[in-house]
Every structure is written in structure tokens, then in C-alpha cells.
Amino acid sequence: VTTAHVAPVKLSSRVRADTEAPNTLGVAMRDDAIFFGSGVPDPRFHPADVMEQALDALLSVSTTESLNYCRGRGDATLRTLIAERSLREGVRTSADDVVITAGSSGAFTLLAYTLVEPGDVVLVEELSYPGVLAMFRQAGAELVPVALDQDGLVIESLEEVVTTLARRGATPKLLYAIANTQSPTTSRLADDRRSAIAALAERFGFLIVQDDTYGELWYEGEQPGSLRRYDTERTVHVGSFSKTVAPGLRLGWFTGPGAIAEVIANMRTDLGTSTLIQRMIASMMGDGYFDAHLERVAASYRGKRDLLLAALDEHCGDLVRCVEPPGGFFLWVTFDEPLAGNVERLAYEEGVAFLSGSYFDVRGGRVVPAFRLAFGELAEDDLFEGAVRLGRVMRRSVDEVVRS
Ligand SMILES: Cc1ncc(COP(=O)(O)O)c(C=O)c1O
């Protein structure tokens, strides 16, 4: 939306003239381009047959409940299964602390609506997921960036930011953090930083909201899990079935302090998410299918990661640096700043597309000499060919910079 007036109505003041649709990727590309932009799982992993069986079973008995509304927190069986997974991780959680939402986005929408008032400060990683940033902005929040390095959020930066805010009499409402496989940088927040963040949250009185949309797609060492491990009363953990099963299910959840779960369950006006889909997923989790599926897909993404890393190393290893992600399906590729000016144009010419680093920049307007490659849905041939084209892009970029 580029105007606050759309005939015949005047739009609400929440629609800002500068608001861009955050989910419209808007990347210019040729028809034959290999598109590394979209953060969706491999469609070959959609477990359609298992879903069909689960749905058949649900529809072959009384549908009085499964086709009715599912208000409040959501389906009790699914919430119990999610709470049990948290318990397995050592986080004290009951089914009453869990709220089922329309994807993780649904959780953030509800959290922003119930927690954030115009003028509230929301702390965010300096490069972050624009979709959730837009929700906080729409709620009227002032977004204050915190620095990131290869080990995730930088504690000194967080401390400096909250101390400066305290001097002006402001307390941040919450910190939004993608602690496991950070998007876009793919870092894993170091363990000592996790406890340090919890300590700062307690000292300065803010809530931690962890976006763990990709956390279950883990393939490198032990899965670090929920930040609630450090403080259950000050942390909300948000999960999703979008990346592990399928985004079209629109199913996610959050676990948090029971009092927040209760307020949100009472305040929500969407009448819940699909009962049938909740029950379908509960049946896939209850019989062990879901865990086996997670193992299979994580192993496959690991294979794709290694393939893409090796191919990039071969075609432009001397010109780019790749962070090896511990999970998920993104690769964060950085390069020397002088090249940033022409990489996107050359990518267009060479038939390859991605989201450039600046797309994720909270401040906006900065040069971020990096791009994020989403490799989830691409087949192996496309990963190889994509790396060849990226190699040509980087080489031509250097040539142009040298010549200019
Ligand atoms: C970091 C991050 N958070 C949240 C979401 C929203 O996911 P969903 O609402 O489908 O669960 C996405 C989607 O791409 C994402 O990348």
C-alpha cells in the first residue's frame, strides 16, 4: 500500500504510507532464473499420503468436533503433545501454556496485538525477518536494533541499548530473537549468551519472544531448543509446522507463561485455526510419524547444504564467504562491500535470484554486502546450476569493480 487513501475509503492510521507488503518478495528476475528466494520446504517432502490417512480416519468417525470451531487455546491433544516436547527439552510446560495459531505468524500477530502499544520499544536483531518486523511496526512499536555476530545477538550491544533506553526512562517491551538458525544470518546463539539475555531481561524487565520457526530442522550437533529453558516466566517460544510439514497448513503455536496464554486465548477474535488440521497433525505426532519425518527432512537439507557449499566453493569460493548453517535451509553469503553495487543487476543478467542482505536490514538504507540463498525447495540440478551462475555473477562483479 503506498497511499493512506484507497477510494472510496480513508484507510486506518495503521496503514502507513511507507508500508511495503513484507511478504511480497518483489525480486526482479528472468523467467528462466533459478530462484533462491523463497523460504519454503521441499514440496517432495509434503507427506500427502500420511495426511490423507489421518484425515480419512478423522472423517470416518463422528465429525461433530473435528469440523467444528476450536476456540481459545486450541485442540487439547495437540497442545498436550507440544507441551510434552517442551518437557523433553527440560522446559516445565503444561498444555495450558500452549496456544495454537495460524502458523508462527498467527502467534506474532496475537502477541503484537495483546502486548505492544504505540510507542513501545521492541528490540530486534539488526538483520531479521521482515514479516514479523512489519507486525510490530503495525502495532506502533519503535524497533531498536541490536548487533549480531557469528554467535548471534551481541550481549554488549544489547546491554548498551537497554541501558541507553533506561537513561531516557524507557523500558523495552520485548526482545524478538531468532536464536536458532537466525534468519538471515543462520547463526546459532551461543549458550553463554542465552543465559546472559535471560539475566538482562530480568534486570531490565522485558519479555523475550523467540521465533523458532526453523528450530526443528536441525542437523548439526545438539539442538539448542527453547530459550524458555533459562526463564519460563519471561520467555515466549514460537514454533511452526510450516517448514517441517507444509506452510499451507497454516499451523503454528506458542508456549509461554500461562497468564499470557490465557489472555491471548480470551482476546483472540479469529475463532481459532482449523480443528481438522490440528487433529491431523496431532495424530501424526502421536504415532511417532512426525519425529521420523523430521529426521528424514533434516538429513536431506543437510545434504543440500553440503552440495551447495561445495558448488559455491568451486565456482566463487575465493570471492565469497559462506556461513555453514546448523539447520534450516538458508545459506548466508557475504562478500566485499565494493561488489554490492552491481551484484543484483548481474544476478538478473545471469538468471539467478535471491534476497539481498539489505532486504533484512532493520535500519534500512544501509549497504549489506551479502545475500541469503534459500535452498529448501530447489532440486540438486538447480543447486549446481545456481552455483555456476552465482560464480559468474561474482566474477563479473569483480571485473566491473576493477575496471571502474
Ligand atoms: C523467521 C521466520 N519467522 C516466521 C515465519 C512465518 O512462518 P509461518 O507463519 O508460516 O509459520 C517465517 C516464514 O518464512 C520466517 O522465515
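The structure under discussion appears in the preceding block.
### Some details on the overall build of the chain
Counting secondary structure elements, the chain contains 11 helices and 17 strands. Relative to a compact globule of 404 residues, whose C-alpha radius of gyration would be 22 Å, the chain shows 22 Å and is just as compact. If one aligns the C-alpha atoms of the chain with their principal axes, the spans along those axes are about 70 × 55 × 55 Å. Among the 404 residues that make up the chain, the fraction classed as buried is 54%. Long-range pairs, those at least 24 residues apart, make up 75% of the contacts in the chain between residues at least 6 apart in sequence. Side chains of the chain carry 40 positive and 57 negative charges; the gap between the two charge centres is 4 Å.

### Comments concerning the environment of Val-124
Mapped onto the elements, Val-124 comes out in strand E5 (residues 121–125). As a C-alpha pair, Val-124 and Arg-268 span 144 residues in sequence and 25 Å in three-dimensional space. If near-sequence neighbours (up to four positions away) are discounted, Val-124 is found in contact with Leu-133, Leu-143, Val-144, Pro-145, Val-146, Leu-175, Tyr-176 and Val-362.

### Some points on the pairing of strand E10 (residues 207–211)
For E10, a buried count of five out of five residues is recorded, marking the element as mostly surrounded by other parts of the structure. In this structure, strand E9 (residues 174–177) lies alongside E10, joined through four bridges in parallel fashion. Along E10, the bridge assignment pairs Leu-174 with Leu-207. Sheet topology places E10 next to strand E11 (residues 235–240); four bridges connect them, and they run parallel. Residue pairing for E11: Asp-211 is matched across the bridge by Val-238.

### Some thoughts on the pairing of strand E4 (residues 98–101)
The alternating pattern of E4 places Val-98 and Ile-100 and Val-99 and Thr-101 on opposite faces, both of which are buried. In this structure, E4 lies alongside strand E12 (residues 252–255), joined through four bridges in antiparallel fashion. The partner of Val-98 across the bridge, within E12, is Thr-255.

### Re the nonpolar core
Nonpolar side chains in soluble globular proteins tend to be buried together. Grouped together as the largest cluster of nonpolar side chains are 37 residues, with contacts concentrated most on Phe-36, Leu-308, Leu-312, Phe-371, Leu-373 and Met-394. If you list the elements that add at least two residues to this core, you get helix H9 (289–316), strand E14 (330–335), helix H10 (340–350), strand E17 (370–374) and helix H11 (380–403). With nine residues, the single largest contributor to this core is H9. Look past the residues within four positions of Leu-373 in its chain and what remains in contact with it is Phe-36, Leu-308, Leu-312, Phe-329, Phe-330, Leu-331, Val-333, Phe-354 and Leu-390. Ranked by size, the runner-up nonpolar core spans 29 residues in total, among them Val-122, Leu-143, Leu-207 and Val-236.

### Re the site of the ligand
Around the ligand, the structure places Gly-103, Ser-104, Ser-105, Tyr-129, Ile-178, Asp-211, Thr-213, Tyr-214, Ser-240, Ser-242, Lys-243 and Arg-250. Contacts to the ligand include Thr-213, whose side-chain N or O atom sits 3.4 Å from a nitrogen atom. In this structure, Lys-243 approaches the ligand through a side-chain N or O atom, which is 2.8 Å from an oxygen atom. Contact with the protein chains covers 92% of the free accessible surface of the ligand, which is 400 Å². In terms of residues, the shell around the ligand owes the most to one element, helix H3 (residues 103–115), which gives three residues.

### Here we look at the sheet that holds E10
Reading across from one edge, E4-E12-E11-E10-E9-E5-E6 is the order of the seven strands in this open sheet, with mixed pairing throughout. Of all the strands in the sheet, just E4 and strand E6 (142–146) have a single pairing partner and so form its edges. Shown here is a sheet whose adjacent strand axes are inclined to one another by a mean of 20°, direction ignored. Bridge count for E11 against E12 is four bridges, and the pairing is antiparallel. Within E12, the residue paired with Gly-239 across the bridge is Trp-253. Where helix H7 (residues 258–267) meets the sheet, its contacts fall on E4, E10, E11 and E12, and the angle it forms with E12 comes to roughly 135°.

### Things to note about the state of the cysteines
In the structure shown here, the tally under the stated rule is zero disulfides. Take Cys-316: it sits in no disulfide, and the sulfur closest to it among the cysteines is that of Cys-322, at 7.0 Å.

### A few points about the side chain of Ser-242
Examined against the element boundaries, Ser-242 turns out to sit in the loop between E11 and E12. There is a polar contact of 3.3 Å between the side chain of Ser-242 and the side chain of Arg-250. Apart from residues no more than four positions distant in its own chain, Ser-242 is found in contact with Pro-41, Pro-247, Arg-250 and Leu-251.

Analysis parameters
- Residues numbered from 1 in each chain as written.
- Predicted model: local features only at pLDDT ≥ 70, side-chain atom pairs only at ≥ 80, totals over all residues.
- Heavy atoms only, no water.
- Helix = DSSP H or I, 4+ residues; strand = E, 2+ residues; numbered from the N terminus.
- Rg over C-alpha atoms; globule rule 2.2 N^0.38 Å.
- Buried < 20%, exposed > 50% of the residue type's maximum accessible area, 1.4 Å probe, protein only.
- Contact = heavy atoms within 4.5 Å.
- Lys, Arg positive; Asp, Glu negative; His and termini not counted.
- Charge placed at Lys NZ, Arg CZ, Asp CG, Glu CD.
- Pairing = 2+ DSSP bridges.
- Core = buried A, V, L, I, M, F, W, Y, C linked by side-chain atoms within 4.5 Å.
- Near = heavy atom within 4 Å.
- Polar contact = N/O pair within 3.5 Å; in protein donor to acceptor, adjacent residues only side chain to side chain.
- Areas by Shrake-Rupley, 256 points an atom, 1.4 Å probe, with all protein chains shown as cover.
- Axes fitted to C-alpha atoms, helices over the stretch in contact; angles between N-to-C directions.
- Disulfide = S-S within 2.5 Å.

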